[in-house]
Amino acid sequence: MESNAPDDDRSRNLNDFDEPNLDETQESRLLGGRKEKNVDLGRKICATILAAAFVVGVITLIIQIDSRNQTDSSHDNNNGLIASINRKAIPRIQHQPDNYTQALRKALMFFNAQRSGPLPKHNNVSWRGNSGMKDGFIGTNLVGGFYDGGDAIKFNFPQSFAMTMLSWSVIEYSAKYKAAGELNHVKEIIKWGSDYLLKTFDSSADTIDRIYAQVGTGDTSDGSDTPNDHYCWMRPEDMDYPRPVYECHSCSDLAAEMAAALASASIVFKDNKKYSKKLVHGAETLYKFARDRRGRYSAGGAEASIFYNSTSYWDEFLWGATWLYYATGNTSYLERATSRVLAKHAGAFSGGPSYGVLSWDNKLAGSQVLLTRLRLFLSPGYPYEDMLSTFHNQTNYIMCAYLPVFSDFKRTKGGLIQLNRGAPQPLQFVVNAAFLATLYADYLDASGIPGFYCGRNFYSAKVLHDFAKTQIDYILGKNPRKMSYMVGFGQNYPKHVHHRGASIPKNKIKYSCDGGWEWKITKKPNPNTIVGAMVGGPDKYDGFRDVRTNYNYTEPTLAGNAGLVAALVALSGNKGKAATTIDIETMFTKVHLSSQMVPGPGPWKP
C-alpha cells in the first residue's frame, strides 16, 4: 500500500468500518438429460402387421432412451460436486461456468503478477520477470514471496493473513477448486508464500529471537527524495535502489499471524508429510516467540505503522492458537483459544465499530467462526463448551449485523455494505464478510441447522448466501456505475490501476527512479492488464475515479484479493440441492477429542 509519496498521502491503517444489501442473483441450473424425439411416419403408413410392429418397436426404444436419460439427469441433480468429479466418463453437455467460477480463475492470476524472485516458467503473466533477486543481506536470503500491492514492498503481516485466508478456503472448498481446475494453482500460490515466510526466521530452531518482518521501504513523509519503493516508479524487474530489511524482536501480532499462516498451510499440504511437519514446527516456534516476546510489531515508530499498523496482538493470539489446534490436535492450543481472559483482551465482549469485521488487522471474527465450526460438528463439551457457546452466539450476532434489515452497518445507495464506516478502500472488508457469511451458511446446512436467530426473529441460512451474492455481484459489476472492480472481468473495469508493473510497458527500456513517473501521471490506460486484481473500490457514495494517482480507488492488495478468492470459491458452482458445500473432515484430521468430555449442545430445536 502506498503512503506519503507526492499525491500518495496514505495509510493502510484504516480504523473505521460499515454494511450490506440484497439483490437477486440467478442460481446456476443443472441441465436435465431429457431428449425429445419426434418420429414422423408420414401420411403413408403401411397397414401391415409387420409395419405396425416396427412402429411399436421404435416407440418402445424411444421410451427406454428417454427413461435412461431422465435417470441420468436425476442422478446428476442429486449428487454433490465431489461425487460428480468421480462419475463415469460418459458424453454430456458442457456447461458454461458460472460468474463466480470465471471470476475465481481470474482472481488467482493476480497472485502470479505479484510474485517476487525467480518466476516459474508457467507463471503466465507475460509482462513480469525475475525481480528482487538480491533481497536480504549478507548471509540472509529473502528472495521470493509476494509484493504487497502497487509497490514492491514485502510486508509479512498482510502477506501472512492473505496466505491464511487462501489456506482456509482450500481446506473448506477443495472440491470446488478442483472442479474449477484451480486446486493445484491455489496450492502452488500458498506454497510460494509459505516457503518465503519460512525464510524470514530460523524455522529449524525451537526458539528464535527475531523475525525479518519487511523488505523494502516506502516512507517519504519527511519530503525526502531518497529512492525507495514509493518514491520511485519502476518495474520490479528494474529496481536498483537499496531495499532495506526490517527485523523485529518483540512482535507478538506478526509472529502469531505467521503461525496461523503456516499452521493452516500444513493442513492444506497434509499429504506431503515432510513439508507439513516443517510448517507445523515453524508455526509452533513462531507462536512460542509471540508469547515470550510481547509487543506490537508496528510499535515504537516502526515504518510498518504508516502502512499496516497493528492495533493489538490479542486477536492474533486467539487466531494463531485456533489454527495450531487444528494443525496439531494439541488441546493446549484449544485451552488458550477458549480462554475467557484472552477473548476479553481480543475484544470479544466489547463490541466497537470494527466488531465483526475480519481484516488483516482484526482476526476476532474469523476466530469466532472457526471455533463455532468445532462446536457445530464435534461438540467437545467441558471444559471448552462455555467459550465455544459464547463464540457461537457471537457468530450469530455478526451474521445478523451483516443483514440489511439491521442498522449495525450502513450501505451505499447501490447496496455496498460499509464495513469500514465510509473510509476508503472498502472492498477488502466486504469480501471477507462475504466469505464468512457463505461459509457459516454452509456450516449450518452441513450440520442440519436451518438457520439462526437475530433476537426473536429467525432467519434461514439462505439469507447469508443472498447477502454474500449481492456484495460480490456489486464488485463484479452490478452497481450504479456498472463497473467491475475486478480487472479483466467484464468489459468495464479500471484501466488505470495503481500498479508500477502494470503501468510501465515492457519495452526493453529501463526507466530511472524518477524517470518512470511519466507512466504514473499519464492519462493513458495501463499497457499491461493485471488480470484478477480487485482495486480499493468506490467511495461511500458509490463514486469511483479510475485514476492511477489515487491509490484509494485503484490499488489492489494481497490481503484484499485473498478475501476475494475465498468468497468467490465459496459461492462458485451449482447452487441447487446438488451443490457441494464444505469438506467437514479435513479440518479435523489431527483432532482427537477425549471420550470423557461432556457432550456439547444437543440437536437443534426450533
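Residues numbered from 1 in each chain as written. Predicted model: local features only at pLDDT ≥ 70, side-chain atom pairs only at ≥ 80, totals over all residues. Heavy atoms only, no water.

Between helix H14 (residues 427–446) and helix H15 (residues 462–475), whose axes approach to 8 Å, the crossing angle comes to 150 degrees. Taken together, H14 and H15 sit at an angle that is classed as roughly antiparallel. Taken as a pair, H14 and H15 cross one another with a handedness that is left-handed. For the pair H14 and H15, the contacting residues are Leu 427, Val 430, Val 431, Ala 433, Ala 434, Ala 437, Thr 438, Tyr 440, Ala 441, Asp 442 and Asp 445 in the first and Leu 464, His 465, Phe 467, Ala 468, Gln 471, Ile 472 and Ile 475 in the second. (Axes fitted to C-alpha atoms, helices over the stretch in contact; angles between N-to-C directions. Helix = DSSP H or I, 4+ residues; strand = E, 2+ residues; numbered from the N terminus. Parallel < 35°, antiparallel > 145°, perpendicular 65-115°, else oblique. Left-handed = near helix turned anticlockwise from the far one by under 90°. Contact = heavy atoms within 4.5 Å.)

As a further point, take the UniProt feature "active site" (unreviewed entry) in the protein chain. According to UniProt, the positions carrying the feature "active site" (unreviewed entry) are His 498, Asp 546 and Glu 555. The annotated residues occupy 58 residues of the chain but converge on a single region, no pair of C-alpha atoms lying more than 10.2 Å apart. Within the secondary structure, Asp 546 sits in the loop between helix H17 (517–521) and helix H18 (551–554). By relative accessible area, which is 23% here, Asp 546 ends up partly exposed. Here the side chain of Asp 546 touches Lys 495 through a polar contact of 2.8 Å, landing on its backbone nitrogen. Considering the arrangement of structural elements, one finds Glu 555 in the loop between H18 and helix H19 (558–571). Relative accessible area serves as the criterion here: at 4%, Glu 555 is assigned to the buried category. Within the structure, the side chain of Glu 555 is placed 2.7 Å from the backbone nitrogen of Gly 150, a separation counted as a polar contact. (UniProt positions renumbered as here; feature names shortened; annotations may be inferred. Buried < 20%, exposed > 50% of the residue type's maximum accessible area, 1.4 Å probe, protein only. Polar contact = N/O pair within 3.5 Å; in protein donor to acceptor, adjacent residues only side chain to side chain.)

Attention now moves to the sheet that holds strand S3 (residues 154–155). The strand order across the open sheet formed by three strands is S3-S4-S5, and the pairing between neighbours is antiparallel. In this open sheet, the two strands that pair with only one neighbour each are S3 and strand S5 (245–248). In terms of strand pairing, strand S4 (residues 211–215) meets S5 through four bridges, oriented antiparallel. Within S5, the position partnered with Val 215 by the bridge is Val 245. (Pairing = 2+ DSSP bridges.)

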